[in-house]
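# Residue-level structure breakdown
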Amino acid sequence: MSETLIRLENVSKSYGSGAEPAVRNLTLEVKKGEVLVLVGPSGCGKSTTLRLINRLIEPTSGRIYLDGEDVTDGDPSVLRRKIGYVIQQVGLFPHRTIAENIATVPKLLGWDKAKIEARIDEMLELVSMDPETYRDRYPKELSGGQAQRIGVARALAADPDVLLMDEPFGAIDPITRDRLQNEFLRLQQELKKTIVFVTHDIDEAIKMGNRIAILREGSEIAQLDTPEAILAHPADEFVESFLGSGAILKGLTLKKVRDIELHQVPTMSSPVMREQALETLRASDDQVALFLDANDKPTRWIDERALNRTSQPIEKSGRPVTVDLQPEDTLQDALTVMLQSSVGMAVVTDRKGKYLGCCTIESLAKLIMSDG
Amino acid sequence: MSQIAPSLKNRTPLSERLDLIVSPIFAIALAIIGGVVWLYSDLDDTTIAILAPEKLQRQLVETITLGLASSLLVIAIAIPLGVLVTRKGFPRLKNFLVDTLGLAQALPAYGLIVIFFSFMGAGITTVILALATFSLLPVLRNTIVGLEQVDKSVIDAGRGMGYTTRQILMKIELPLSVEVIIAGIRTAIVINVGMSALAFLVGGGGLGETINSGLKLDRAPAILIGAVLVAILALLFDFVSALAQKHLKPKGL
């Protein structure tokens, strides 16, 4: 995991003399199997940096290493065939079918026909598109989201170790983008490619990256670390301002419910003795108790009023528990459930629905404070 | 997301279909006019001598030769030139060429032919070169425009996947601009066939001879039939290149 696959060494790129260099003396290492996100304000040189790796932009000075090999000189086309490349505008060839588009790099590498055909189907299935339906379509018949799926399939077709992605989901509507991001994360778990991902969107960076490099002008690294570490300890004011005011909320997506200390409320299950239940409830600090069914699954919030109303059986009084959390949900989910819940708490259950405890605003705040 | 798009075959736009119909319709209409004139007007011996079949046949062949030769010459020069000036590092040359060739087209074809004549003397080569100069611009301009309108992100993706510069040109840029380039060639062909009627001025032959004789000897039917034949030839060439345009245009666009 910690083996370096891509290494930029003192790389600079300047356009013309006198002008400020787009990339100034950058040294950057990308580890095998990680997603490294380059993020920064527009014009900071993040795209230029990405394009230096496959030499779509030739460096003015410095060396580039891929898998230990110096690739700064030599045929750039040969280098690029070993590196997947996905861009925001997708850039599918409009005069080629989907299948032909996917076959681009395998054909360049001289694979035999049967192998290419099999690979096309495999790739289409990988990005959840039916080969039968889509093989012979042309790019103009696809929606934006579908086109980018094909863009990713095309980039992965020759099974490159490295994938460069330049704002791949930048031009896609938010709902589809979210879905593509999730699909992409799932793919990456399977494929374990080494990915350099450029975005200007810090939320996307936090979501997608194993490590994030926050860049400022001249592609200077302001901070390079895991998303958690960057959110918890921004290196300087620039990083802080780039993270924005919502840094704490963003951090919630990185933590799971299991990280939090669960609060235990009084529980009861049938048959319930009203007197006894009231006593327990009064004795505790909580205003409510949970009613658990025979399988220890929390079904209803019971408060004093519900216990005093004798006209209804206990199983049917109080407010129903509509949503429950599982330990692997994020704290952002937890916060949402808590805010929606009538009692300001969220029930946490294991995967089978068995009661584990409750998540409270206080415990959430405590966790956040302890990080700060 | 997964709606099925209609098949491409059913979506030929009206303009494209008309494109293939209009030229033949005009050609047939002109042929009918020519036929009517031939059948019903007063054809004296002089007119019949002007319109002698063996003469007309020779002139037709000459006109076709002039039109084809000058058009092929234009294609052979303008397309490589257009490709060259759209490569990196030639922005000035590109503007210079488009401007000067625009001037060449602003000159009357008549003048251009005479200028070439004064340098090269009489003969078919003079006419071919003059016509080629005159019609170079549409092909060159369309080649430049065609290549420049190719989506830059498609080229970027192609380069990023490892196409060489040559492969980018042959497999992406030219296929994606072929329709625009052929549109320029069509214009050039029609200009060349039409203008070849002036070839007789410098001894280049062609149907212009018939028209000229008709004018000199005041024989209206001869003028008309000569003109109609030139026009039909031009329309025929236009039709053939429209067909080429339709079939060379890549699917999926």
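The structure displayed is predicted, hence computed values, not measured ones. (Residues numbered from 1 in each chain as written. Chains lettered and ligands numbered in written order. Predicted model: local features only at pLDDT ≥ 70, side-chain atom pairs only at ≥ 80, totals over all residues.)

## Notes on the overall build of chain B
For chain B, the count of helices and strands is ten helices and zero strands. Counting from the amino terminus, helix and strand elements in chain B follow one another as α-α-α-α-α-α-α-α-α-α. Along the first, second and third principal axes, the C-alpha atoms of chain B reach 75 × 50 × 25 Å. When the 253 residues of chain B are sorted by exposure, 41% land in the buried category. Residue pairs at least 24 apart in sequence account for 79% of intrachain contacts in chain B once pairs closer than 6 positions are excluded. (Helix = DSSP H or I, 4+ residues; strand = E, 2+ residues; numbered from the N terminus. Buried ≥ 20, exposed ≤ 12 C-beta atoms within 10 Å, placed from the backbone. Contact = placed C-beta atoms within 7 Å.)

## Examining the pairing of strand β8 (residues 194–199) of chain A
All names here are of chain A. Burial runs high along β8: six of the six residues are buried. Burial along β8 is two-sided: T194, V196 and V198 facing one way and I195, F197 and T199 facing the other are all buried. Sheet topology places strand β3 (residues 35–39) next to β8; five bridges connect them, and they run parallel. Residue pairing in the sheet places V39 in a bridge with T199 of β8. Running through helix α8 (residues 174–191), the crossover from strand β7 (residues 162–166) to the neighbouring parallel element β8 is right-handed. (Pairing = 2+ DSSP bridges. Right-handed = clockwise from strand over helix to strand, strands pointing away.)

## Focus: the confidence of the model for chain B
Caution applies to low-pLDDT regions: their predicted coordinates should not be interpreted in detail. Residue and element names in this part refer to chain B. Averaged over chain B, the pLDDT score is 88; the fraction of residues at 70 or greater is 95%. The secondary structure element of chain B with the lowest average pLDDT is helix α4 (residues 91–106), at 80, and the one with the highest is helix α7 (residues 152–160), at 95. For this predicted complex, the interface confidence reaches an ipTM of 0.81, while the overall pTM sits at 0.78. (pLDDT = per-residue confidence, 0-100.)

## Describing the interface of chain B and chain A
Across the boundary between the two partners, chain B contributes 20 residues, which contact 24 residues of chain A. Sort the elements by how many residues they give to the side of chain B that touches chain A and α7(B) lands first, with six residues. For the side of chain B that touches chain A, the class distribution of residues is twelve nonpolar, five polar and three charged. (Nonpolar A, V, L, I, M, F, W, Y, C, P; charged D, E, K, R; others polar.)

## Side note on the sheet that holds β8(A)
The strands making up a sheet associate through hydrogen bonds between their backbones, and the pairing can be parallel or antiparallel. Residues and elements named next belong to chain A. Taken together, six strands build an open sheet; the order of strands is β6-β7-β8-β3-β9-β10 and the sheet is mixed. In this open sheet, the two edge strands, each paired with only one partner strand, are β6 (83–87) and β10 (220–225). Neighbour-to-neighbour, the strand axes of the sheet open up by a mean angle of 15°, direction not taken into account. Of the strands in this sheet, β3, β7, β8 and β9 (211–216) touch helix α1 (residues 46–53), which is tilted by about 155° from β8. (Axes fitted to C-alpha atoms, helices over the stretch in contact; angles between N-to-C directions.)

## Let's talk about the packing of α4(B) against helix α6 (residues 124–148) of chain B
Residue and element names in this part refer to chain B. In the contact formed by α4 and α6, the axes pass within 8 Å of each other and the chain directions differ by 145°. Note that α4 runs across α6; the crossing there is left-handed. Only T133, F134, L136, L137, L140, R141 and I144 of α6 make contact with α4, whose side of the interface consists of K94, L97, V98, L101, G102, A104 and Q105. Each residue belonging to the contact of α4 with α6 can be placed in one class, and the counts come to nine nonpolar, three polar and two charged. (Left-handed = near helix turned anticlockwise from the far one by under 90°.)

## Structural notes on the sheet that holds strand β14 (residues 319–320) of chain A
Residues and elements named next belong to chain A. Reading across from one edge, β11-β12-β13-β14 is the order of the four strands in this open sheet, with mixed pairing throughout. Two strands close off the open sheet at either side, each with one partner strand: β11 (267–269) and β14. Relative to strand β12 (residues 288–292), β11 runs parallel, the two being bridged by three bridges. Among the inter-strand pairings, T267 is bridged to a residue of β12, identified as L290.

## Focus: the packing of helix α8 (residues 165–195) of chain B against helix α10 (residues 220–248) of chain B
All names here are of chain B. The contact between α8 and α10 brings their axes to 9 Å, and the two run at 170°. Relative to α10, α8 is oriented roughly antiparallel. Along the contact surface, α8 presents V178, E179, I182, A183, I185, R186, I189, V190, V193 and G194, while α10 presents V230, L233, A234, F237, D238, S241, A242, A244, Q245 and L248. Here the residues of the contact of α8 with α10 sort into 14 nonpolar, three polar and three charged. (Parallel < 35°, antiparallel > 145°, perpendicular 65-115°, else oblique.)

## Thoughts on α8(A)
Residues separated by three or four positions in an α-helix point in the same direction, a consequence of the helix having 3.6 residues per turn. The end-to-end C-alpha distance of α8(A) is 25 Å, a good match for the 26 Å that 18 residues give at a rise of 1.5 Å each. Directly beyond the C-terminal end of α8(A), a positive phi value near 55° is found at K192(A). (Expected span 1.5 Å × (residues − 1).)

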